[in-house]
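Understanding the architecture of this molecule
Residue-level listing of the chains:
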Amino acid sequence: MAVRREGRGMSSRGRLHHVEVWVPDLGRAVGSWQWLLESLGYALHQDWSDGRSWRLGETYIVLEQSPALSADRHERRRPGLNHLAFHAGGRAEVDALVEQAPTYGWHLLFPDRHPYAGGEQHYAAYLEDGDGFEVELVARDEP
């Protein structure tokens, strides 16, 4: 089956459109996620009483405090989403984000294996926010 190309020879078919994260406390989540997403190049896209979204290219990430929540904390080890992984630039950029992260409510997971918790050839940081959401910040391969 042929894939139809859109604009500049690239197809958007199969690319991630958006991710919606339900959070128990929007203010607390925005305090953590806004810093991270804007540090990674996302820009504020939408803002309403129960949510906020940031966009990078065609993809956006939504934080929403829904009245339909059934729990007050995310548990990444249960079935469902474990974490979101982001390209975060070079190793120095990943290291800078790790250094700043505690100021914004994130803490480093697997500190005893950092920055190779994902394997000897995988330079990344694993961070968790106050609501139990995990992100992986992946450094690009460097010679």
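Residues numbered from 1 in each chain as written. Predicted model: local features only at pLDDT ≥ 70, side-chain atom pairs only at ≥ 80, totals over all residues. Heavy atoms only, no water.

Now for the environment of Leu36. Mapping Leu36 onto the fold places it in helix α1 (residues 26-39). On a C-alpha basis, the gap between Leu36 and Glu20 in space is 16 Å, while along the polypeptide they are 16 residues apart. (Helix = DSSP H or I, 4+ residues; strand = E, 2+ residues; numbered from the N terminus.)

Attention now goes to the packing of aromatic side chains. In this structure the tally under the stated criterion is 5 aromatic pairs. Between Tyr116 and Tyr123, the aromatic rings sit 5.5 Å apart at their centres with planes inclined by 90°, giving edge-to-face as the arrangement. Taking relative accessible area as the criterion, Tyr123 reaches 12% and is therefore assigned buried. (Phe/Tyr/Trp six-rings, centres within 6.5 Å; stacked < 30°, edge-to-face > 60°. Buried < 20%, exposed > 50% of the residue type's maximum accessible area, 1.4 Å probe, protein only.)

Assignment of secondary structure puts His74 in the loop between β4 (59-64) and β5 (83-87). With sequence-adjacent residues up to four places away left out, His74 is seen in contact with Leu81, Asn82, Asp131, Gly132 and Phe133. (Contact = heavy atoms within 4.5 Å.)

This part covers the pattern of salt bridges. In this structure the tally under the stated criterion is 6 salt bridges. Salt bridges sharing partners connect three or more residues here, namely Arg76, Glu128 and Glu134. (Salt bridge = Lys/Arg side-chain N within 4 Å of Asp/Glu carboxyl O.)

Glancing now at the nonpolar core. Counting 30 residues, the largest nonpolar core has Trp33, Leu40, Leu63, Phe86, Trp106, Val135 and Leu137 as the members making the most contacts within it. With 7 residues, the top contributor of residues to this core is α1. (Core = buried A, V, L, I, M, F, W, Y, C linked by side-chain atoms within 4.5 Å.)

For the rest of this paragraph, the subject is the sheet that holds strand β1 (residues 18-22). The strand order across the open sheet built from 4 strands is β1-β4-β3-β2, with neighbouring strands paired in mixed fashion. Edge strands, defined here as strands with exactly one partner in the open sheet, are β1 and β2 (43-48). Adjacent strand axes in the sheet meet at a mean angle of 15° when their direction is disregarded. Examined bridge by bridge, β2 and strand β3 (residues 51-56) share 5 bridges and lie antiparallel to one another. Residue Ala43 lies in a different strand from β3, and its bridge partner there is Arg55. (Pairing = 2+ DSSP bridges. Axes fitted to C-alpha atoms, helices over the stretch in contact; angles between N-to-C directions.)

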